Amino acid sequence: MRNVQPFYQRTLISLNSLWRKSPFIPSKLASMNRALFIKINPTHLDFPLLTYKSKGFLSSLHRNFQNNSFSREEVIVSSHQADTIYEENQESLTDQVLSENSSRKLSDQFVKEEIIMKNPISWEILQYASHLDPNFIPWNLLENIFSDKRQFEENINNPVIQTLLKPADAKAINMRGVRMFRKPQKLCLDIFNKHPELSMSTYNLYQSLIRSLIIEVKKLTLNNPESVKIAEILYPHAIILVENQYILDHMHRAHVNHYFAYLCLIKQDYMEGGRYLVKALSISRDFPIETEDQIFLSSLLHLGYVLIKIGKSNEAVGYYQEVLNILSNKRSIEKNFSNNSKSSSQEEAFRTCRNLLQEISLIIIPKYPELSHIVKNLIIGLADISFDNKLKN
């Protein structure tokens, strides 16, 4: 662990100096920050807590520098020093400050009195958030669930709920979101599990989360670097939903397996994606073809894509021929899919698959617009395949 004592001393000196030089701090600002400042003294060597508190103190001074008798440059230098360490230790620092200064806010009594009773929509948001990956929750993943977007915005920005949910931004991509630290998450999950009379049903909760995830996953396309970044963010949330699918009915289980598989394909993890497509296919094989999203046909199409990507185009032909037969009403759905292709090489089989996809697209455009989009996306996804280079093995 690096030596932080010199920085601690510099920050401490800067804080003492700024405090002495700012006798005209507005009373509200002083009351907000003096309690924090009093705890920062030469005998208090809790460096992480110091940097967290000094960050808040300096940020407040920075916003109000024109009302004080010190220069803007002094505040910027000191604030930058505190920010650097704060960003490196954000989660542990926030947990520490929450537990030290907000013990009542972290109690189930506080949640019941200030959130559940007074702001039921805020409690609904917290229930959803606590069942997702807490490190970063995309804003849309929560907002999609609520029909009244304005009401959602007002409740998630409520100062009370922001004690437990903190605004955050994804580092790899410009995406708005929130994060939920460990103690607030544990508290909300405890209330959810111990007080069903205060909470929504587990089935309804996961059903809503899956629908929201699907909305976001449908926006992604194959062979798109931006989609890969988003898929990486959505992936840990999708894992949680897949692991809890036993709660759901067959329809939602088929959907969560299928769209989790698609996330894997976006990330180019074809083997994992293939495994979950087989699960979706197994669950949905008895569904009517007219079922929402045509999960059965969509899984067949994506399995063919996986086989092509891992260098098994000969096997993919059978899946695409099966889709074409079903759409053409040539025969009923079979429960086993065999390869009827006589192609003598992977290159010829790949060309056959591509031709079959083109035929499929002509049939489904008027009948299944959702599948039409999927087929076009698969054709784009196969555009990078060249037999001048080897397929992935």
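Summary of the structure given here. This is a predicted model, so every value here is computed, not measured. (Residues numbered from 1 in each chain as written. Predicted model: local features only at pLDDT ≥ 70, side-chain atom pairs only at ≥ 80, totals over all residues. Heavy atoms only, no water.)

**So, the overall build of the chain**
Spelled out, the test is: Numbering of helices and strands starts at the N terminus; helices are DSSP runs of H or I of at least 4 residues and strands are runs of E of at least 2. Partly exposed describes any residue whose relative accessible area lies between the buried limit of under 20% and the exposed limit of over 50%, with all areas from a 1.4 Å probe on protein chains only and scaled to the type maximum. Residue contacts follow a heavy-atom distance rule, with two residues in contact if any of their heavy atoms lie within 4.5 Å. Computed with a 1.4 Å probe, the accessible areas rest on the Shrake-Rupley method; for each residue, only the protein chains presented here act as cover.
Secondary structure summary: the chain contains 18 helices and three strands in total. In the chain, which comprises 393 residues, the proportion classed as buried is 52%. Taking all contacts inside the chain whose residues are at least 6 apart in sequence as the whole, residues at least 24 apart take part in 71%. Split by element, the accessible area of the chain, about 19,300 Å² in all, is 52% carbon and sulfur.

**Some thoughts on empty space enclosed by the protein**
Note the threshold: With a 1 Å grid laid over protein atoms only, a set of points is called a cavity when a 1.4 Å probe fits there but cannot get out and a pocket when it is open yet has protein on both sides within 12 Å along at least five of seven lines; lining residues have an atom within 4 Å of a point. Grid points are joined across faces, edges and corners, and a volume is the space filled by probe spheres set on the points. The nonpolar class holds Ala, Val, Leu, Ile, Met, Phe, Trp, Tyr, Cys and Pro. Asp, Glu, Lys and Arg form the charged class, and all remaining residues, Gly among them, are polar.
Using the criterion set out here, one finds three cavities of 30 Å³ or more in the structure. Put simply, the largest cavity is a space of about 120 Å³. Looking at the largest cavity, the residues that line it are Val217, Lys218, Leu220, His258, Tyr259, Tyr262, His302, Glu370, His373, Ile374 and Asn377. Of the residues forming the lining of the largest cavity, the biggest block, four residues, is contributed by helix α18 (residues 369-381). Class assignment of the residues belonging to the lining of the largest cavity gives a composition of five nonpolar, four polar and two charged.

**Section: helix α10 (residues 182-194)**
For clarity, the cut-off: A helix's residues, less one, multiplied by 1.5 Å, set its expected span. This arc corresponds to the set of directions leading from the helix axis out to the C-beta atoms.
Its 13 residues give α10 an end-to-end C-alpha distance of 18 Å, which sits within 8% of 18 Å, the value for a rise of 1.5 Å per residue. By the burial criterion, the buried members of α10 are Pro184, Gln185, Leu187, Cys188, Ile191 and Phe192. An end-on view of α10 places all buried positions within 165° of arc, on one side of the element. Summarising the geometry of α10, the exposed residues directed more than 90 degrees from the buried face are Lys186, Asn193 and Lys194.

**Structural notes on the pattern of salt bridges**
Filter applied, for reference: Here a salt bridge means any side-chain nitrogen of Lys or Arg lying within 4 Å of a carboxyl oxygen belonging to Asp or Glu.
Counting across every chain of the model gives six salt bridges. Notably, a salt bridge pairs Glu216 with Lys219, separated by 3.0 Å at the nearest N-O pair. Accessibility expressed as a relative area gives 10% for Glu216, which makes it buried.

**Here we look at the pairing of strand β2 (residues 165-169)**
The condition that has to hold: Only strands that DSSP links by at least two bridges are regarded as paired with each other.
Across five bridges, the pairing between β2 and strand β3 (residues 176-180) is antiparallel. By the bridge assignment for β3, Lys166 is matched with Arg179.

**A few points about the sheet that holds β3**
Pairing is antiparallel across the open sheet formed by three strands, whose spatial order is β1-β3-β2. A strand with exactly one partner marks an edge of an open sheet, and here the two such strands are β1 (137-138) and β2.

**As for the pairing of β3**
The element β3 is largely enclosed, with a buried count of four among its five residues. Direction of pairing for β1 relative to β3: antiparallel, over a ladder of two bridges. In the sheet register, Ile137 faces β3, and the bridge partner there is Val178. Between the end of β2 and the start of β3, which pair antiparallel, lie six residues.

**Considering the nonpolar core**
The condition is simple: What makes a nonpolar core is a set of buried Ala, Val, Leu, Ile, Met, Phe, Trp, Tyr and Cys residues whose side-chain atoms join them at distances within 4.5 Å.
Core analysis: the largest hydrophobic core is formed by 99 residues, its most contacted members being Ile125, Leu126, Leu142, Leu165, Leu301, Tyr320 and Ile360. Contact partners of Ile360, with chain neighbours within four places excluded, come to Leu301, Tyr320, Val323, Leu324, Leu327 and Val375.

**With respect to the side chain of Asn257**
Within the fold, Asn257 resides in helix α13 (residues 250-266). Overall, Asn257 belongs to the buried group, its relative accessible area being 0%. Those residues in contact with Asn257 that sit more than four places away from it in its chain are Gln245, Tyr276, Lys279, Ala280 and Ile283.

**Considerations on the packing of helix α16 (residues 313-327) against helix α17 (residues 346-367)**
Keep this limit in mind: Only C-alpha atoms enter the line fits that serve as axes; for helices the fit covers just the stretch in contact. Angles between N-to-C directions range over 0 to 180 degrees. Should an angle fall under 35 degrees it is taken as roughly parallel, and over 145 as roughly antiparallel, whereas 65 to 115 is taken as roughly perpendicular and any remaining angle as oblique. In this scheme the handedness of a crossing depends on how the near helix is turned from the far one: anticlockwise by less than a right angle means left-handed, clockwise means right-handed.
Running from N to C, α16 and α17 point in directions that differ by 20°, and their axes come no closer than 9 Å. The angle between α16 and α17 places the two elements in the roughly parallel class. Judged by the twist between their axes, the crossing of α16 over α17 is left-handed. Here α16 contributes Ser313, Asn314, Ala316, Val317, Tyr320, Gln321, Val323, Leu324 and Leu327 to the contact with α17, which in turn contributes Gln346, Ala349, Phe350, Thr352, Cys353, Leu356, Leu357, Glu359, Ile360, Ile363 and Ile364. Looking at the contact of α16 with α17 residue by residue, the classes come out as 14 nonpolar, five polar and one charged.

**Regarding unusual backbone geometry**
Working note: non-glycine residues mostly have negative phi, and peptide bonds are mostly trans. Notably, Asn223 is not glycine yet its phi reads approximately 55°, a positive angle. Residue position: Asn223 is located in the loop between α11 (202-217) and α12 (225-243). Relative accessible area serves as the criterion here: at 37%, Asn223 is assigned to the partly exposed category. Residues other than glycine seldom take positive phi values, yet Gln268 does so here, at roughly 65°. With respect to the helices, strands and loops of the structure, Gln268 is situated in the loop between α13 and α14 (270-284).

**Looking at the packing of α11 against α12**
Look at α11 against α12: their axes get within 11 Å of each other, and the N-to-C directions meet at 145°. Handedness of the α11/α12 crossing: left-handed. On α12, the residues touching Tyr206, Leu209, Ile210, Leu213, Glu216 and Val217 of α11 are Leu234, Ala238 and Leu241. Residues of the contact of α11 with α12, tallied by class, amount to eight nonpolar, no polar and one charged.

**Re the packing of aromatic side chains**
Selection criterion: Think of it this way: a Phe, Tyr or Trp ring, Trp meaning its six-membered ring, pairs with another when their centres are within 6.5 Å, and the plane angle makes it stacked under 30 degrees, edge-to-face over 60, tilted otherwise. Criterion for a charge above a ring: Lys NZ or Arg CZ within 6 Å of the ring centre, and within 35 degrees of the ring normal.
In this structure the tally under the stated criterion is six aromatic pairs. Ring centres of Tyr270 and Tyr305 lie 6.3 Å apart, and the angle between their planes is 70°; this geometry places the pair in the edge-to-face category. With a gap of 35 residues between them, Tyr270 in helix α14 and Tyr305 in helix α15 (residues 295-309) connect regions that are remote in the sequence. Owing to a relative accessible area of 5%, Tyr270 belongs among the buried residues under this scheme. An aromatic cluster is defined as three or more aromatic residues linked by ring pairs; in this entry it consists of Tyr128, Trp139, Phe146 and Phe152. The aromatic ring of Trp139 is capped on one face by Arg176, whose charged end is 3.6 Å from the ring centroid. When the ring centre of Tyr235 is taken as reference, the NZ or CZ atom of Lys267 above it lies at 4.2 Å.

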